[in-house]
Amino acid sequence: MLAFNFLTQDRKPQPGTGITMMLDKGLGPSTLDDLLKISGKYINLAKLGWGTSAIHNRAIIVEKINLYKSYGVKPYPGGTLLEVAYVQDKMDQYLLEAKQLGFEAIEISDGTIEILPEDRAEIIGKVKDCGFKTITEVGKKDPKKDQKIGISRKVEMVNEDIDAGADWVLLEAREGGKGIGIYDKNGNVKEDEVQFFMDNTKPEMIIWEAPQKNQQVYFILNMGPNVNLGNIAPEEITSLETMRRGLRGDTLGKVNL
Amino acid sequence: MLAFNFLTQDRKPQPGTGITMMLDKGLGPSTLDDLLKISGKYINLAKLGWGTSAIHNRAIIVEKINLYKSYGVKPYPGGTLLEVAYVQDKMDQYLLEAKQLGFEAIEISDGTIEILPEDRAEIIGKVKDCGFKTITEVGKKDPKKDQKIGISRKVEMVNEDIDAGADWVLLEAREGGKGIGIYDKNGNVKEDEVQFFMDNTKPEMIIWEAPQKNQQVYFILNMGPNVNLGNIAPEEITSLETMRRGLRGDTLGKVNL
Amino acid sequence: MLAFNFLTQDRKPQPGTGITMMLDKGLGPSTLDDLLKISGKYINLAKLGWGTSAIHNRAIIVEKINLYKSYGVKPYPGGTLLEVAYVQDKMDQYLLEAKQLGFEAIEISDGTIEILPEDRAEIIGKVKDCGFKTITEVGKKDPKKDQKIGISRKVEMVNEDIDAGADWVLLEAREGGKGIGIYDKNGNVKEDEVQFFMDNTKPEMIIWEAPQKNQQVYFILNMGPNVNLGNIAPEEITSLETMRRGLRGDTLGKVNL
């Protein structure tokens, strides 16, 4: 039972929505266990960011994966690691290792390298065939390259990924959320771009990377408490859930549960 | 015994001063235990920020409260949670639950909602009657609303709260400390406003929310090592205490213990 | 064995290079143990920042030192604490206590106070005679004082310290890395100043304090994966190692291991 339970109500998201994706950039297993104990139920997906899982011992990665799964959280390695495997032409080996380690989802991105559209669709299909949840990411990590794609092409990519069978599509904002994708250099939301995605995709299948608090507030106030949000820092998981429920000043009295 | 104990001296604050209030935004119990083990003696009050305690299990909140108390730290739920109870007309239930959970202090704020002055004084009285330490907060969380109050009215509110029996009065600066209250948008101290509080209130009863390091340095250099400071992040507790004692470059040779 | 070990290769730094120095500003022992368990092998030196070790109990400092050493990490107290000892004329007592606590290195700095050049050389010699690894630091903590030194004098100091027997020389950037030393007020690298150090010192003996991610990326891309970097936050240890190995977007395909 929650403390002060007479003051609050549960969120009731539709299946596949209301997602909180946490960015784990190398938490130790005890630190993770402690986080999950207090707030694990507020995390749905956990990204072991970029190639971090490839510099840690298998035994520790397996331990962390099992911890996540025991709290109903689906862990997955960052898209950059798949890009490394793609460049080295080791996709099958990558997926096999991910499966053996116990990961439950795979991210397909081209944040740094180029992946041909036909290869992208093929990888999505292969990931699905292996029984993973399939998360794609749209956007480049280099802000200059990211701007060159253009919003129309990004919308197309979101829809192509959904057609290819992606369970969710991430919009790239990196760990920092400034000067990239839908955020200006101060981290403010480019509202017209967000609206363009809303109007031309299935927004309930997008996970908006929103590492900054003002970004989280924006999406909750504009899309409701069950908007899908990603790249949430571990120490912000509790804060985000309180904002979704109107228990922080920024959203108090402004959300409908 | 402290390491290098021949190099340092203790602080000797007057009762009720020299306060460090930490902002806990959802620490897990083991993480908290570890923090308290190394630096618990440098924390006096711990705010479980805004409504965070209302999304955690009672058993974990009780465990955390007991941990705090075993180190002589007084934990209390954030003012926003009291505001939620006020809006729902559940003040008595709120105070009863806080008591049953083991909290030792209560914060009375109107950072987001409106509370009538007579209600505010009545709540302060009720909180005191329940045997809690009573901490009020002056200031709005929305910077625009906060500016509208005006410094004169804020000074009046501080004094009204003291007259009504508050043990300490917090000056609102939120978690970030930028563009709010006594801080400009870059987090620099508005020195004339601080001076106005100094001249027209009992400053030893104010806890200055000062989440940024430059703010902490300012208060220590201008008001001495035993100034009351609040909204200190857990990972800054050790740093703050070293600055109070002249053990960091910013204050070395500049404080009188 | 590492997870995904078929995707990565080890770094092979020359002895004394490839150093990662972490800034520990008061980690609790369990938190430290957990960090070391997952990423301890990627830390070479750990600075217990400024005077932090002097406000913690001897038993906890000894426990932390032993933890560090069990993972091959050399811990040492921050230079500010040596400055406190120098001002109090307690250098011998300081070194004896550091030895008894189990520290393996000592930092000699004049970030806040003035130390005569002849005293500095003498202290370096004394530290070496005690069997400590000897780390000096060049630069002032106050940005205004730091600017007054001038780049030519800093280069001289680096070389004097090396001549006096320093194992490594730190370039001061504090915890924040903005508006100080080789970084402008936004934390961008002053490339011409870095080049001046490169051209006129033994750069492989410098540890560049580089707390910000963009600074770490700069040094890795310009000086290779085994550049010595310092003041790395505990939560960034994993990230830094992935960037050194080309496993994050910023350096993927751009480093030669």
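Please refer to the structure higher up on the page.
From a predicted model like this one, the values you see are computed outputs, not experimental measurements. (Residues numbered from 1 in each chain as written. Chains lettered and ligands numbered in written order. Predicted model: local features only at pLDDT ≥ 70, side-chain atom pairs only at ≥ 80, totals over all residues. Heavy atoms only, no water.)

Asks: Break down the overall build of chain A for me, with residues and values.
Replies: Of regular secondary structure, chain A possesses 10 helices and 8 strands. Since a compact globule built from 257 residues should have a radius of gyration of about 18 Å, the 18 Å found for chain A is in line with a globular shape. In terms of overall dimensions, chain A has C-alpha extents of about 55 × 45 × 30 Å along its principal axes. Among the 257 residues that make up chain A, the fraction classed as buried is 61%. Across chain A, contacts joining residues at least 24 apart in sequence account for 72% of those joining residues at least 6 apart. Accessible surface for chain A amounts to roughly 9,600 Å². Of this, 48% is attributable to carbon and sulfur atoms. In chain A, the 33 positive side-chain charges and the 38 negative ones have mean positions that sit 4 Å from each other. (Helix = DSSP H or I, 4+ residues; strand = E, 2+ residues; numbered from the N terminus. Rg over C-alpha atoms; globule rule 2.2 N^0.38 Å. Buried < 20%, exposed > 50% of the residue type's maximum accessible area, 1.4 Å probe, protein only. Contact = heavy atoms within 4.5 Å. Areas by Shrake-Rupley, 256 points an atom, 1.4 Å probe, with all protein chains shown as cover. Lys, Arg positive; Asp, Glu negative; His and termini not counted. Charge placed at Lys NZ, Arg CZ, Asp CG, Glu CD.)

Asks: Tell me about the relation of the copies chain B and chain A, and name the residues and values.
Replies: At an RMSD of 0.0 Å, chain B and chain A line up after a rotation of 120° and a shift of 0.0 Å along the axis. The relationship between the two copies is best expressed as a three-fold rotation axis. Among all residues of chain B, the minimum C-alpha distance to the rotation axis is found for B:Thr31, at 4.1 Å. (Least-squares fit on C-alpha atoms with pLDDT ≥ 70 in both.)

Asks: Got a sec to walk through the pairing of strand E5 (residues 133-138) of chain B? Specific residues and values, please.
Replies: Residue and element names in this part refer to chain B. In terms of residue burial, E5 counts as a mostly covered element, since 5 of its 6 residues are buried. One ladder, built from 4 bridges, connects strand E4 (residues 105-108) with E5; its direction is parallel. Counted as the bridge partner of isoleucine 108 is threonine 136 from E5. Tracing the backbone out of E4, into helix H5 (residues 117-129) and back to the parallel element E5 gives a crossover that is right-handed. Alignment of E5 against strand E6 (residues 168-171), held across 4 bridges, turns out to be parallel. Bridging across to E6, valine 138 finds its partner in leucine 171. (Pairing = 2+ DSSP bridges. Right-handed = clockwise from strand over helix to strand, strands pointing away.)

Asks: Account for the pairing of strand E7 (residues 206-209) of chain A, naming residues and giving values.
Replies: Residue and element names in this part refer to chain A. Taking every second residue as pointing to the same face, both faces of E7 are buried, with Ile206 and Trp208 on one and Ile207 and Glu209 on the other. Two elements, strand E6 (residues 168-171) and E7, share 3 bridges in a ladder whose sense is parallel. Along E7, the bridge assignment pairs leucine 171 with tryptophan 208. The β-α-β motif built from E6, the intervening helix H8 (residues 191-200) and the parallel element E7 has right-handed crossover chirality. Relative to strand E8 (residues 229-232), E7 is paired through 2 bridges, and the arrangement is parallel. Within the sheet, the bridge partner assigned to tryptophan 208 lies in E8 and is leucine 229. Following the backbone out of E7, through helix H9 (residues 213-223) and into the adjacent parallel E8, one traces a crossover that is right-handed.

Asks: Could you give an account of the side chain of B:Ser109, naming the residues involved and the relevant values?
Replies: Residue and element names in this part refer to chain B. With respect to the helices, strands and loops of the structure, serine 109 is situated in the loop between E4 and H5. Within polar-contact distance, the side chain of serine 109 engages the backbone oxygen of glycine 79 at 3.4 Å. For serine 109, the side chain forms a polar contact with the side chain of glutamate 83, separated by 2.6 Å. The residues contacting serine 109, other than those within four sequence positions of it, are Gly79, Thr80, Leu82, Glu83, Ile115, Arg120 and Glu137. (Polar contact = N/O pair within 3.5 Å; in protein donor to acceptor, adjacent residues only side chain to side chain.)

Asks: Break down the sheet that holds E6(A) for me, with residues and values.
Replies: Residues and elements named next belong to chain A. The 8 strands lie next to each other as E3-E2-E1-E8-E7-E6-E5-E4, forming an open sheet whose pairing is parallel. Whereas interior strands pair on both sides, the edge strands pair on one side only; in this sheet they are strand E3 (74-77) and strand E4 (105-108). Averaged over all neighbouring strand pairs, the angle between strand axes comes to 25°, with direction disregarded. The sheet contacts of H9 involve E7 and E8, and relative to E8 the element is tilted by about 165°. (Axes fitted to C-alpha atoms, helices over the stretch in contact; angles between N-to-C directions.)

Asks: Could you give an account of the nonpolar core, with specific residues and numbers?
Replies: Core analysis: the largest hydrophobic core is formed by 213 residues, its most contacted members being A:Phe4, B:Phe4 and C:Phe4. Beyond its immediate chain neighbours, meaning those up to four positions away, B:Phe4 contacts C:Ser53, C:Ala54, C:Pro77, C:Leu81, C:Tyr94, C:Glu97, C:Ala98, C:Leu101 and C:Phe103. (Core = buried A, V, L, I, M, F, W, Y, C linked by side-chain atoms within 4.5 Å.)

Asks: Talk me through helix H4 (residues 91-101) of chain A; I want residue IDs and the actual numbers.
Replies: All names here are of chain A. Of all the positions in H4, only Met91, Tyr94, Leu95, Glu97, Ala98 and Leu101 are classed as buried. One side of H4 holds all its buried residues, which, seen down the axis, span an arc of 160°. Along H4, exposed side chains directed more than 90 degrees from the buried face belong to Asp92 and Gln100. On its buried face, H4 is in contact with helix H2 (58-70), E3, helix H3 (79-87), E4 and helix H5 (117-129). (Arc of directions from axis to C-beta.)

Asks: Quick one: what's the story with the pattern of salt bridges, residue by residue and with numbers?
Replies: Applying the stated criterion across every chain yields a total of 69 salt bridges over all chains. For the salt bridge of A:Arg120 with A:Asp161, the shortest nitrogen-to-oxygen distance reads 2.7 Å. Remark: A:Asp161 occurs in helix H7 (residues 151-164) and A:Arg120 occurs in helix H5; sequence separation between them is 41 residues. In this structure, A:Arg120 and A:Asp161 share a single accessibility class: buried. Across the salt bridge formed by C:Arg245 and C:Asp10, the nearest N and O atoms sit 3.7 Å from each other. One end of the pair, C:Arg245, is in the segment after helix H10 (237-244); the other, C:Asp10, is in the segment before strand E1 (20-24), and 235 residues separate them in sequence. For C:Asp10, a relative accessible area of 47% corresponds to the partly exposed category. The structure contains a network of salt bridges with shared partners spanning A:Lys25, A:Arg174, A:Glu175, C:Lys213, C:Glu236, C:Arg248 and C:Asp250. (Salt bridge = Lys/Arg side-chain N within 4 Å of Asp/Glu carboxyl O.)

Asks: Tell me about the interface of chain B and chain A, residues and numbers included.
Replies: The accessible area lost on association of the parts is a frequent measure of interface size. Tallying the contact residues gives 37 residues for chain B and 26 residues for chain A. Each partner contributes to the roughly 2,700 Å² buried at the junction of chain B and chain A, and carbon and sulfur atoms together form 63% of this total. The tally of links from chain B across to chain A stands at 3 salt bridges. A:Glu236 is the partner of B:Lys25 in a salt bridge, and the nearest nitrogen-oxygen pair spans 2.4 Å. Joining chain B to chain A, the criterion identifies 16 residue pairs in polar contact (both at pLDDT 80 or more). If you list the elements that add at least two residues to the side of chain B that touches chain A, you get helix H1 (29-39), helix H2 (58-70), helix H3 (79-87) and helix H4 (91-101) of chain B. At 5 residues, H4(B) tops the list of elements feeding residues into the side of chain B that touches chain A. Here the side of chain B that touches chain A is composed, by residue class, of 16 nonpolar, 13 polar and 8 charged. (Buried area = accessible area lost by both parts, 1.4 Å probe. Nonpolar A, V, L, I, M, F, W, Y, C, P; charged D, E, K, R; others polar.)

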